[in-house]
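Chain residues, written in single-letter form:
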Protein chains: 2
Amino acid sequence: MSDLPKSVHILEVGPRDGLQIEPNFVPTADKIRMIEALADAGLPEIEAGSFVNPRAVPQMADGDEVFAGIRKKEGVAYRALWLNARGLERAIANGHVDVNGKLTMTCSETFIRRNTNRSIDDTLAEMPEWIARYKAAGVEVRTLGLMAAFGCNFEGYIPEAKVVELIARAEAVMADHDCKLKTLNLADTMGWASPMQVKRLVGLIRDRWPELRIKLHLHDTRGQAVANAVAAMEMGVTHFDASVGGLGGCPFAGHKGAAGNVSTEDLVFSCHEMGIETGIDLDALVEVARMAEGFVGHELPGKVMKGGTLNRYKTQH
Amino acid sequence: MSDLPKSVHILEVGPRDGLQIEPNFVPTADKIRMIEALADAGLPEIEAGSFVNPRAVPQMADGDEVFAGIRKKEGVAYRALWLNARGLERAIANGHVDVNGKLTMTCSETFIRRNTNRSIDDTLAEMPEWIARYKAAGVEVRTLGLMAAFGCNFEGYIPEAKVVELIARAEAVMADHDCKLKTLNLADTMGWASPMQVKRLVGLIRDRWPELRIKLHLHDTRGQAVANAVAAMEMGVTHFDASVGGLGGCPFAGHKGAAGNVSTEDLVFSCHEMGIETGIDLDALVEVARMAEGFVGHELPGKVMKGGTLNRYKTQH
């Protein structure tokens, strides 16, 4: 319990990671309203859209309009996703995206080949090109993202030693190109992580890289996301991705398993009840979750948005 | 992480605590099928029904038939709920109920008065009568249940010192009547608990009563139930109530906040992934959760029942 941080920083991914999986296209104006409401509720960083193939992800086809349309709030970073050089170019050209230099790797050889048609070695070999692209845009690369860092439906558990080895290899590539690894994003892409596994992996990484900022991206596929976040906070982790209302779960019965990210409100509730600051107004956030539920047209999995915050009871006493 | 137990014992409360809140009456034969399937999946203890006023809780009006109809499995305890002397008499007369001697208290003066029309002092004063009733039936009283042990919508947070004081007072009454307090049930009745609060309260109680078995009953009103259970397990807690599929959530929009217990599958998943034995076949349990979903006719909140277990992936490697 000793390493619990004083404050936690949440990157809201609902507008991108959440809405991209919805069967219906959420109109641009509604997306903008939701993003602005999230900023107003105190979210310091918001993944507002993506620059990917609009034929592959039609829900995100309005990335340019969304970023251009947002009333920007001072101090809030508006992030985007891109998967290739073209996407990065579009994000830079848009002019409204807070572009962060980030390299991405997947910890499962099978999954990375299926997803990207490249091996882990190929992906490492391509990192210098990405670093050069970012440099050309005046952006320093400081972040490494690791997908499937805990387990993979194709390869089973990912051994912690493998994750550590991948970080070391990517760090070496970065160092060869004058980039310092400062932030590590660990994603539990397929919902394999459990609290003790989180503690073990974070502990190993912290032992080797005590200065590295670790961020977790936790899916709630098996109901462990809040417990995993709490375990991480007990290990001193201060940065999390989260999705308002738990957006990102697939509403089709056949794909119900594709659960969303940890619900932002449920995570914020957890932080506040443990005395950890987030800078977020939980009641306002719950209103955004309800707004998002209206936009997608089906029940969202978040709990606090249904159970309510405790604030109304606390003020009575 | 050090006090994680080797095994955890789960009392399944879905057939009673879960089904009693459903708008529809689940037919007796379906209840029996569900209870038998739970026992076959490895649940060692099942709250199978209640002996309460059938006008107040018509969903549980068939308690006698349910208990008489279950094909009993060796080693499984079939529990019931009663709230007054008449209910206990009915449970004893039924002849199929594993009657456990239990005293109940609520940690909030306001809530206990609203719920039972009695004060905390009144409730303590009535304990000797309950002990005598159990004794007359040949049942030893060893268990104390504390409702609203973490917080109350009417009184806010329940101070830990107050919980400790109530335990001490009830223990003294029991001792005066030759009963030894062996098991303490702490219920987070209104979903106030957070992981660090669980650790603090359990720690305080363990310090004063190191031999006492602590059991937690956790509602998932604000998405913290699994995290709270994990926190408890880290403090050495080995006994939990849980509800298959997370049964117990109220499906009416206006009452969505009345979330169910921690989902049994999600808790079992958590245990198994942390190397803690439960004696439960998780895949079989998921099938029961799906069966229960069919009985109640609406989606249940459990996650593993949608995301699936990891067993099918693990066997590939």
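Just so you know, these numbers come straight off a predicted model, no measurement behind them.

Draft legend 1. Summary view of the packing of helix H10 (residues 264-273) of chain B against helix H11 (residues 282-296) of chain B. Residue and element names in this part refer to chain B. Following both chains from N to C, one finds H10 and H11 inclined at 165 degrees, their axes separated by 10 Å at the closest point. Put simply, H10 runs roughly antiparallel to H11. Judged by the twist between their axes, the crossing of H10 over H11 is left-handed. Counted together, Thr 264, Glu 265, Val 268 and Phe 269 of H10 and Leu 282, Leu 285, Val 286 and Ala 289 of H11 form the full contact between these two elements. Looking at the contact of H10 with H11, its residues break down into six nonpolar, one polar and one charged.

Draft legend 2. Structural detail: the interface of chain B and chain A. Facing 43 residues of chain B, the contacting portion of chain A comprises 43 residues. Across the chain B to chain A interface the summed buried area is about 3,700 Å²; carbon plus sulfur atoms make up 63%. Contributing elements (two or more residues each) for the side of chain B that touches chain A: strand E7 (156-157), helix H8 (195-208), helix H9 (225-234), H10, helix H12 (304-307) and helix H13 (311-314) of chain B.

Draft legend 3. Representation of helix H11 (residues 282-296) of chain A in the model. All names here are of chain A. Compared with an ideal rise of 1.5 Å per residue, which puts 15 residues at 21 Å, H11 spans 21 Å between its outermost C-alpha atoms and is within 8% of the ideal. Those residues of H11 not exposed but buried are Leu 282, Leu 285, Val 286, Val 288, Ala 289, Met 291, Ala 292, Glu 293, Phe 295 and Val 296. The inward-facing, buried residues of H11 contact helix H2 (28-40), helix H10 (264-273) and helix H12 (304-307). For H11, the N-terminal cap is Asp 281; the gap from its side-chain oxygen to the backbone nitrogen of Asp 283 is 3.1 Å. Count one or two residues on from H11 and you reach Gly 297, which has phi positive near 80 degrees.

Draft legend 4. Spotlight on the pairing of strand E1 (residues 9-12) of chain A. All names here are of chain A. The pairing of E1 with strand E10 (residues 239-242) spans four bridges and is parallel. Within E10, the residue paired with His 9 across the bridge is His 239. In terms of strand pairing, E1 meets strand E2 (residues 45-51) through two bridges, oriented parallel. Opposite Leu 11, over in E2, you have Glu 45 as the bridge partner.

Draft legend 5. Region of interest: the relation of the copies chain B and chain A. Structural alignment of chain B on chain A gives an RMSD of 0.0 Å, achieved by rotating through 180 degrees and translating 0.0 Å along the axis. What the superposition gives is, in effect, a two-fold axis relating one chain to the other. The C-alpha atom lying nearest the rotation axis in chain B is that of Ala 227 of chain B; the distance is 1.9 Å. When the interface residues of chain B are mapped onto chain A, 100% of them again lie at the interface, so the same face is used by both copies.

Draft legend 6. Just the sheet that holds strand E9 (residues 213-218) of chain A, in detail. Residue and element names in this part refer to chain A. If you walk across this open sheet you meet the eight strands as E3-E2-E1-E10-E9-E8-E5-E4, and the pairing is parallel. Two strands bound the open sheet, and with one partner strand each, they are strand E3 (77-82) and strand E4 (101-106). Strand-to-strand twist across the sheet, computed as the mean angle between neighbouring axes with direction ignored, equals 25 degrees. Bridging between strand E8 (residues 183-188) and E9 involves six bridges; their strand directions are parallel. Paired with Ala 187 across the two strands is His 217, which belongs to E9. In this fold H2 packs onto E1, E2 and E3, with an angle of close to 160 degrees to the strand it touches most, E2.

Draft legend 7. Structural context of unusual backbone geometry. All names here are of chain B. Phi is positive for Ala 148, which is not a glycine, with a value near 50 degrees. Positionally, Ala 148 belongs in the loop between strand E5 (141-147) and strand E6 (151-152). For Asp 178, which is not a glycine, the phi torsion comes out positive at approximately 60 degrees. Position of Asp 178 relative to the elements: it lies in the loop between helix H7 (160-176) and strand E8 (183-188).

Draft legend 8. View of the pattern of salt bridges. As enumerated under the stated definition, the model contains 41 salt bridges over all chains in all. For Asp 241 of chain B, the salt bridge identified is with Lys 215 of chain B, shortest N-O distance 2.9 Å. Highlighted residues: Asp 241 of chain B in strand E10 (residues 239-242) and Lys 215 of chain B in strand E9 (residues 213-218), separated in sequence by 26 residues. For Lys 215 of chain B, a relative accessible area of 10% translates into the label buried. One continuous salt-bridge network, built from bridges that share partners, spans Lys 199 and Glu 234 of chain A together with Lys 199 and Glu 234 of chain B.

Draft legend 9. How the structure looks around the packing of aromatic side chains. All names here are of chain A. The full count for this structure, using the stated rule, is 12 aromatic pairs over all chains. Feature note: the residues Trp 82, Trp 130 and Tyr 134 constitute an aromatic cluster, connected by ring pairs. Residue placement shows Lys 72 over the ring face of Tyr 78; its charged tip is 6.0 Å from the ring centre. Here Arg 133 stacks its cationic end above the ring of Trp 130, 4.6 Å away from the centre of that ring.

Draft legend 10. Examining the nonpolar core more closely. Counting 221 residues, the largest nonpolar core has Leu 186 and Ile 205 of chain A together with Leu 186 and Ile 205 of chain B as the members making the most contacts within it. Both domains that furnish three or more residues to this core are identified here as domain 1 (7-99 + 243-317) and domain 2 (101-214 + 230-236) of chain B. Excluding residues within four positions of it along the chain, Leu 186 of chain A makes contact with Leu 146, Ala 149, Phe 150, Val 163, Leu 201, Ile 205, Ile 214, Lys 215, Leu 216 and His 217 of chain A.

Draft legend 11. The environment of Glu 299 of chain A, seen in detail. Residues and elements named next belong to chain A. The residue Glu 299 is located in the loop between H11 and H12 in this model. Note on Glu 299: relative accessible area 49%, which makes it partly exposed. Considering only alpha carbons, one finds Glu 299 and Gly 245, 54 residues apart in sequence, at a separation of 9.1 Å.

Draft legend 12. Structural view of the environment of Gly 297 of chain B. Residues and elements named next belong to chain B. Relative to the helices and strands, Gly 297 resides in the loop between H11 and H12. A relative accessible area of 64% means that Gly 297 is categorised as exposed. Sequence separation between Gly 297 and Ile 214 is 83 residues; the distance between their C-alpha atoms is 35 Å.

Draft legend 13. The arrangement of the pairing of E5 of chain B in detail. Residues and elements named next belong to chain B. The element E5 is extensively covered by neighbouring structure, given that five of its seven residues are classed as buried. Pairing between strand E4 (residues 101-106) and E5: six bridges, direction parallel. Its bridge partner being in E5, Lys 102 is matched across the sheet by Thr 143. Relative to E8, E5 runs parallel, the two sharing four bridges. Paired with Leu 144 across the two strands is Leu 184, which belongs to E8.

Conventions adopted
- Residues numbered from 1 in each chain as written.
- Chains lettered and ligands numbered in written order.
- Predicted model: local features only at pLDDT ≥ 70, side-chain atom pairs only at ≥ 80, totals over all residues.
- Heavy atoms only, no water.
- Axes fitted to C-alpha atoms, helices over the stretch in contact; angles between N-to-C directions.
- Helix = DSSP H or I, 4+ residues; strand = E, 2+ residues; numbered from the N terminus.
- Parallel < 35°, antiparallel > 145°, perpendicular 65-115°, else oblique.
- Left-handed = near helix turned anticlockwise from the far one by under 90°.
- Contact = heavy atoms within 4.5 Å.
- Nonpolar A, V, L, I, M, F, W, Y, C, P; charged D, E, K, R; others polar.
- Buried area = accessible area lost by both parts, 1.4 Å probe.
- Expected span 1.5 Å × (residues − 1).
- Buried < 20%, exposed > 50% of the residue type's maximum accessible area, 1.4 Å probe, protein only.
- Polar contact = N/O pair within 3.5 Å; in protein donor to acceptor, adjacent residues only side chain to side chain.
- Pairing = 2+ DSSP bridges.
- Least-squares fit on C-alpha atoms with pLDDT ≥ 70 in both.
- Salt bridge = Lys/Arg side-chain N within 4 Å of Asp/Glu carboxyl O.
- Phe/Tyr/Trp six-rings, centres within 6.5 Å; stacked < 30°, edge-to-face > 60°.
- Lys NZ or Arg CZ within 6 Å of the ring centre and 35° of its normal.
- Core = buried A, V, L, I, M, F, W, Y, C linked by side-chain atoms within 4.5 Å.
- Domains from an automatic or database assignment.

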